[in-house]
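Chain by chain, the residues:
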Amino acid sequence: MSVTLAFESGNSLAVDVRSLQPDVVTGLSKGEIEKLPLAVGRQSVRLGDLCKVKRSSRGREKLILEGDTACLSRAGSRMQAGNLVIAGDAGELTGVEMQNGEIEVCGSAGDCLGLAMQGGLIRVKGNVGNWCGAGLPGQIKGMLGGTILVGGDAGRELGAGMRRGLIYIAGDAGEYTAAHMLSGSIFVAGGLGTGSGLDMRRGSLVAGRLDNLLPGFRPAGPADNEWVQIYLRWMENAGCAPLAHWMGRASHRFTGDVLESGKGEIIVYDLIE
Amino acid sequence: MRIHNVLIDNTFAEAFPMWVSRLIITADTPRLAFQAAQVAAGMAISIIGCGCESGLEGEIPPGETPDGRPGHILLLFSYSPEKLEEHLFQRIGQAVLPSATSACFNGLKAEKMARVGGKLRYFADGFQSSKLLDGIRYWRLPVADGEFVVEESFGLGQGVGGGNLILIGSNRSSALEAAEAAAEAIRTTHGAIAPFPGGVCRSPSKPGSKYKNVRASTNAVFCPTLRSRVETQLSADAEAAYELVIDGLTETIVRQAMAAAILAACRPGVLRITAGNYGGTLGPYHLYLHKILQEAGF
């Protein structure tokens, strides 16, 4: 049973869709879905006034958001189960504090994707904005678990304060990737922005290219990392083909940031000095 | 029943439940992986004297191992989950960990798990770190050629031990040749092992002894040099017998391995194939030779 919500264009304000939990919505009738309240700015609006509701008994159980989806914020927020498909761009705070289930974004996602995420899987075909997998404002810990797989580039402060989980970026990542990272694993197939690994305490940042290593990192190679191969194989099976060319390749390994505990690691395949 | 003029006794092998673990041991080359797995299998011949039985299930191609390197699968059997956990800890810690470039992964999904990597990590003296991927925790222990990666937990499943065959030959070389062919057939059965040296046992045993503290003793009825002193199982033209012991992940696998072994052993110089049992009092699995051959389509 799938439910499709086709959002009409013309929303100048963000539409807060945090109440649309896939496992709940797919169990409701069309009439019940249309009566659900959504916050648009400071107003509460009936869902039926913002989008068309379609129900289909075919295929696996999922909630599909389509049409003008870029204005939708907090999609899949605190999601606990089910499948959510955003058939376009996703707005800000998608998958914030997500606990389980799967979110698929067919376009790009805005800032704060998977913020303080605890579990589940988010797939984004395009790019993601800033603070992907980072923590809630004012909190030290970022993403606490789960997996984020991104087919494009990431903005700044990717995985900042990350505590656990896996983030994969097929393209480049912006400045201060893995800043204040506590644990977990971040893979960036392309290059890292400046300041990456700043104040990193633990965890692993694996990247294709780095041209500006912070002075708080020390060489700690050679890096024939079996654990990296385990991740590469897992990601290859998850459809992250671009990293297959790293399999069996030598890499450079650095540990730091010595300004913190120095137990974090950056592994780079092409180091540009 | 006769196959290629070899008499197959209408009897059964008596097998019993055992706890089993399945280890995937990888390394940079197939030789290094084999070396590590072979040493980890070590002296685990008979549950009676070794506390566990183990053997190599076979090679596993790089495409099927967790880290994409060549590997070997090791099966380890014991009589209790506690004893099996103890052997896992010792054998992975003392044999796999020191082997060059090695890593060790769980190859058996089971409800009961033994925490092995989670204990071995203390060898790293505080420098250990871990990775959690898809619900599986991998420990990374710094060693002098890089890192030893080992899974946190290993599955403890219910397997079957004690499948057996006894091959009686007209002379020692014919009997041994047939026994080695049978052992090779067991090795090609996935999920089965023959734990004795080369898969072949020259000392079939019976439980107990005339001596108080001896748990098992030579099975005199199969010893050619005792045929004049005991009620022998050897005919006048038989000069040697070899036993094959078979452990497997399931009863079906043990049955398949036994059938393959019998068919491989039926060759010139072999007079008779029989099996050891204790009248049905030892274990719940009664593996009738004629029946397993019928199941194998013979």
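Residues numbered from 1 in each chain as written. Chains lettered and ligands numbered in written order. Predicted model: local features only at pLDDT ≥ 70, side-chain atom pairs only at ≥ 80, totals over all residues.

(A) Layout of the overall build of chain A. Summing up its helical and strand segments, chain A has four helices and 17 strands in all. With respect to the principal axes defined by its C-alpha atoms, chain A has extents near 60 × 35 × 25 Å. Relative to its full complement of 273 residues, chain A shows a buried share of 54%. When contacts within chain A are restricted to residue pairs at least 6 apart in sequence, long-range pairs at least 24 apart make up 39% of them. (Helix = DSSP H or I, 4+ residues; strand = E, 2+ residues; numbered from the N terminus. Buried ≥ 20, exposed ≤ 12 C-beta atoms within 10 Å, placed from the backbone. Contact = placed C-beta atoms within 7 Å.)

(B) A look at the nonpolar core. All names here are of chain B. Residues Leu165, Leu167, Ala182, Ile186, Leu244, Met258 and Ala261 are the most contacted members of the largest nonpolar core, which totals 173 residues. Per-element tally for this core: the top contributor is helix 6 (residues 251–265), with nine residues. Shared between two domains, this core holds at least three residues of each, these being domain 1 (2–14 + 159–295) and domain 2 (19–157). Excluding residues within four positions of it along the chain, leucine 165 makes contact with Ala13, Ala182, Leu244, Met258, Ala261, Ile262, Ile273 and Ala275. (Core = buried A, V, L, I, M, F, W, Y, C linked by C-beta atoms within 7 Å. Domains from an automatic or database assignment.)

(C) Quick peek at the sheet that holds strand 7 (residues 72–73) of chain A. Residues and elements named next belong to chain A. Pairing is mixed across the open sheet formed by four strands, whose spatial order is 4-3-2-7. Each edge of the open sheet is held by one strand with a lone partner, namely strand 4 (43–46) and strand 7. Pairing of strand 3 (residues 37–40) with strand 4 involves four bridges; the strand directions are antiparallel. Bridge pairing in strand 4 places proline 37 opposite arginine 46. (Pairing = 2+ DSSP bridges.)

(D) Quick peek at the domain arrangement of chain B. All names here are of chain B. Here chain B is described as being made up of domain 1 (2–14 + 159–295) and domain 2 (19–157). Inter-centroid distance (C-alpha atoms) of domain 1 to domain 2 is 30 Å. Its residues placed into classes, the side of domain 1 that touches domain 2 shows six nonpolar, four polar and three charged. (Nonpolar A, V, L, I, M, F, W, Y, C, P; charged D, E, K, R; others polar.)

(E) Fine view of the confidence of the model for chain A. For chain A, per-residue confidence averages 92 on the pLDDT scale, and 96% of positions sit at 70 or higher. Predicted confidence in chain A is weakest over strand 17 (residues 264–271) of chain A, with a mean pLDDT of 88, and strongest over strand 9 (residues 102–105) of chain A, with 98. (pLDDT = per-residue confidence, 0-100.)

(F) Representation of the environment of A:Val268. All names here are of chain A. Mapped onto the fold, valine 268 is located in strand 17. Its 24 C-beta neighbours within 10 Å are what place valine 268 among the buried residues. Here the alpha-carbon distance between valine 268 and phenylalanine 254, two residues 14 residues apart in the chain, equals 8.4 Å.

(G) Focus on unusual backbone geometry. For the bond running from A:Gly256 to A:Asp257, omega is -5°, close enough to zero to count as cis. Even without glycine at this site, A:Trp131 takes up a positive phi of about 60°. Looking at where A:Trp131 falls in the secondary structure, it is placed in the loop between strand 10 (121–124) and strand 11 (147–150). Given 26 C-beta atoms within 10 Å, A:Trp131 falls into the buried group. Even without being glycine, B:Thr101 reaches a positive phi, approximately 65°. If you trace the backbone, B:Thr101 turns up in the loop between helix 3 (81–96) and strand 6 (103–106). The exposure class assigned to B:Thr101 is partly exposed, which follows from the 18 C-beta atoms found within 10 Å.

(H) Structural view of the interface of chain B and chain A. Taken together, the 13 residues of chain B in the interface contact 13 residues of chain A. Mapped onto the side of chain B that touches chain A, the elements with two or more residues apiece are strand 8 (129–133), strand 9 (136–143) and strand 10 (146–151) of chain B. Of the residues contributing to the side of chain B that touches chain A, the split by class is six nonpolar, two polar and five charged.

(I) Region of the structure containing the environment of B:Ser209. Residue and element names in this part refer to chain B. In this structure, serine 209 sits in the loop between strand 13 (205–207) and strand 14 (216–218). When the C-alpha positions of serine 209 and asparagine 219 are compared, they lie 9.9 Å apart, and in sequence the two are ten residues distant. Filtering out sequence-adjacent residues up to four positions away, serine 209 remains in contact with Val214 and Ser217.

(J) Examining the packing of helix 1 (residues 30–41) of chain B against helix 3 of chain B more closely. Residue and element names in this part refer to chain B. Where helix 1 meets helix 3, the closest approach of the two axes is 9 Å, and the angle between their N-to-C directions is 135°. Here helix 1 lies oblique to helix 3, going by the angle between them. In this structure, helix 1 crosses over helix 3, and the sense of that crossing is right-handed. Note on element contacts: helix 3 touches helix 1 through Arg91, Ile92, Ala95 and Val96, opposite Ala36, Val39 and Ala40. (Axes fitted to C-alpha atoms, helices over the stretch in contact; angles between N-to-C directions. Parallel < 35°, antiparallel > 145°, perpendicular 65-115°, else oblique. Left-handed = near helix turned anticlockwise from the far one by under 90°.)

(K) Main features of the packing of helix 5 (residues 172–187) of chain B against helix 6 of chain B. Residue and element names in this part refer to chain B. The contact between helix 5 and helix 6 brings their axes to 8 Å, and the two run at 145°. Crossing geometry of helix 5 relative to helix 6 is assigned as right-handed. Contacts between helix 5 and helix 6 pair Ala178, Ala179, Ala181, Ala182, Glu184, Ala185 and Ile186 from the former with Ala257, Ala260, Ala261, Ala264 and Ala265 from the latter. Here the contact of helix 5 with helix 6 is composed, by residue class, of eleven nonpolar, no polar and one charged.

(L) Broad picture of the pairing of strand 3 (residues 12–26) of chain B. Residues and elements named next belong to chain B. With twelve of 15 residues buried, strand 3 is to be regarded as a mostly interior element. Sheet topology places strand 3 next to strand 17 (residues 285–288); four bridges connect them, and they run antiparallel. By the bridge assignment for strand 17, glutamate 14 is matched with histidine 286. Where strand 3 and strand 11 (residues 153–169) come together, five bridges link them in antiparallel fashion. Of the residues in strand 11, the one forming a bridge with phenylalanine 16 is glycine 161. For strand 3 and strand 5 (residues 71–78), the ladder comprises eight bridges, and the chain directions are antiparallel. Paired with arginine 22 across the two strands is leucine 75, which belongs to strand 5. Both strand 3 and strand 6 contribute to a ladder of four bridges, which runs antiparallel. Following the sheet pairing, isoleucine 25 is matched in strand 6 by cysteine 104.

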